[in-house]
Amino acid sequence: MRVLFLGDVVGNPGRRALRVFLPELVREYRPDFVLANAENAAGGYGLTEKIAEELFGLGLDLLTSGNHVWKREFLPYLARTNRVLRPANYPEGAPGRGAVVLEKEGRRLAVVNLEGRVFMRALLCPFRTGRELARRLRTETPCILVDFHAEATSEKIALSWYLDGEVSALLGTHTHVQTADERILPGGTAYLSDVGMCGLRDGVIGMNREQALEMYLTQVPRKLEVPKKGPVKVEGVFLELEDSSGRALHIERFRREEC
Ligand code: FE2
């Protein structure tokens, strides 16, 4: 099974980057499933139903998310859709779902979304939630991909060891900065600390760099906007999984950018 996973789609430039680069990525990697973390696809913060539908129209099968998915107006859609995940380790009563099994042409891929707790909210344990879900989903398919939306690389690496051999891949999101530590762990789990971002190439993690600088220089909190203009990039990862066992056979990170 071949899977493309794209890093955080940030605002209008992120969607433009997908329009520009996704067709050639699909031609090159011929994925069975295409996924992206889209928690910031709407204006650089959150997601809307309209934008989720726009992304499905570009060929994405499923969207994952994280700490920015909880915009009030998005919650009714989140509660009824099975094409947008929110982290599974929120307490009972939070709308939406944290895991799903995708099926296409006889192939089944389970996807789990988790959120970290280091420098983030005090949620349920992502380790225990992840293991419990992986064991439950394994009865449906051995191919299981986890998007671990977290800040700290140490927490991400620790979870990858905890789930090694139980899931096919553990991919980090949230920092918007692609790391270069892709590997396949001894138990067969593919790992990358952060998949990166689809969005503005020359901003500050996708946002307006002048505004970000003003904020850091003055320490006065302010809203950061996503500039509409400027070169864009896509970052992500390609995975090849063994259908029968769920073991990762290959992990490859990629970046494409406008000049
Ligand atoms: Fe996030």
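Structure: see above.
Just so we're clear, the structure is a prediction, and the values are computed from it rather than from any experiment.

(A) Highlighting the pattern of salt bridges. Counted under the stated rule, the structure contains 21 salt bridges. Put simply, Arg2 and Glu240 hold a salt bridge, and the shortest N to O gap is 4.0 Å. Remark: Glu240 occurs in strand S12 (residues 232-241) and Arg2 occurs in strand S1 (residues 2-6); sequence separation between them is 238 residues. By relative accessible area, Arg2 is classed as buried at 18%. One salt bridge connects Glu54 with Arg15, and the closest N-O pair in it is separated by 3.3 Å.

(B) Representation of the packing of aromatic side chains. Overall, the coordinates contain five aromatic pairs when judged by the stated rule. A centroid spacing of 4.6 Å and a plane angle of 25° characterise the contact between Tyr29 and Phe238, whose relative ring orientation is stacked. Pair noted here: Tyr29 is in helix H1 (residues 11-29) and Phe238 is in strand S12, with a separation of 209 residues, a long-range link. Each member of the pair, Tyr29 together with Phe238, is buried. An aromatic cluster of at least three residues, connected via ring pairs, comprises Tyr29, Phe238 and Phe254. The residue whose ring lies beneath Arg83 is Phe56, and the NZ or CZ to ring-centre distance is 3.9 Å. Directly above the ring of Tyr162 sits Arg131, whose terminal nitrogen or CZ lies 3.8 Å from the centroid.

(C) Representation of the sheet that holds strand S10 (residues 190-192) in the model. Spatially, the six strands line up as an open sheet ordered S5-S6-S7-S8-S10-S9, and their pairing is mixed. One side of each edge strand has no neighbouring strand; the edge strands of this open sheet are strand S5 (99-104) and strand S9 (183-184). Examined bridge by bridge, strand S8 (residues 169-173) and S10 share three bridges and lie parallel to one another. Bridge pairing in S10 links Ala169 to Ala190. This element, helix H5 (residues 153-163), spans strand S6 (107-115), strand S7 (144-149), S8, S9 and S10 of the sheet and lies at about 165° to S8.

(D) Spotlight on the packing of H1 against helix H2 (residues 49-57). Closest axis-to-axis distance for the H1/H2 pair is 11 Å, and the angle between their directions is 15°. Taken together, the axis directions place H1 and H2 in an arrangement best described as roughly parallel. The element H1 and its partner H2 pack so that their crossing is left-handed. Residue-level contacts link Arg15, Leu18 and Arg19 of H1 to Ile51, Glu54 and Leu55 of H2. Its residues placed into classes, the contact of H1 with H2 shows three nonpolar, no polar and three charged.

(E) Representation of H5 in the model. Along H5, the residues classified as buried are Glu155, Lys156, Leu159, Ser160 and Leu163. Across the axial projection of H5, the buried residues extend over an arc of 140°, all falling on one side. Taken from the residues just after H5, Gly165 is the one with a positive phi, measuring 90°.

(F) Quick peek at the environment of Leu78. Along the chain, the position of Leu78 falls in helix H3 (residues 75-80). Aside from chain neighbours lying at most four places away, what touches Leu78 is Val69, Trp70, Val84, Arg86, Pro95 and Gly96.

(G) The coordination of the iron ion, seen in detail. Around the iron ion, the protein contributes the donor atoms Glu39 (OE), Asn67 (OD1), His149 (NE2) and His174 (ND1), at 2.1 to 2.2 Å from the metal centre. One can describe the site at the iron ion as irregular: its four donor atoms subtend angles covering 86 to 151° at the metal. The sequence pattern describing where the donors of the iron ion fall on their chain is E-x27-N-x81-H-x24-H. Taken as a pair, His149 in strand S7 and His174 in the loop between S8 and S9 lie far apart in primary sequence, 25 residues in all.

Reading the values: the criteria
Residues numbered from 1 in each chain as written. Predicted model: local features only at pLDDT ≥ 70, side-chain atom pairs only at ≥ 80, totals over all residues. Heavy atoms only, no water. Salt bridge = Lys/Arg side-chain N within 4 Å of Asp/Glu carboxyl O. Helix = DSSP H or I, 4+ residues; strand = E, 2+ residues; numbered from the N terminus. Buried < 20%, exposed > 50% of the residue type's maximum accessible area, 1.4 Å probe, protein only. Phe/Tyr/Trp six-rings, centres within 6.5 Å; stacked < 30°, edge-to-face > 60°. Lys NZ or Arg CZ within 6 Å of the ring centre and 35° of its normal. Pairing = 2+ DSSP bridges. Contact = heavy atoms within 4.5 Å. Axes fitted to C-alpha atoms, helices over the stretch in contact; angles between N-to-C directions. Parallel < 35°, antiparallel > 145°, perpendicular 65-115°, else oblique. Left-handed = near helix turned anticlockwise from the far one by under 90°. Nonpolar A, V, L, I, M, F, W, Y, C, P; charged D, E, K, R; others polar. Arc of directions from axis to C-beta. Donors = N, O, S within 2.8 Å, 3.2 Å for Na, K, Ca; no water. Tetrahedral: all angles 85-135°; square planar, octahedral: opposite > 155°, others 65-115°.

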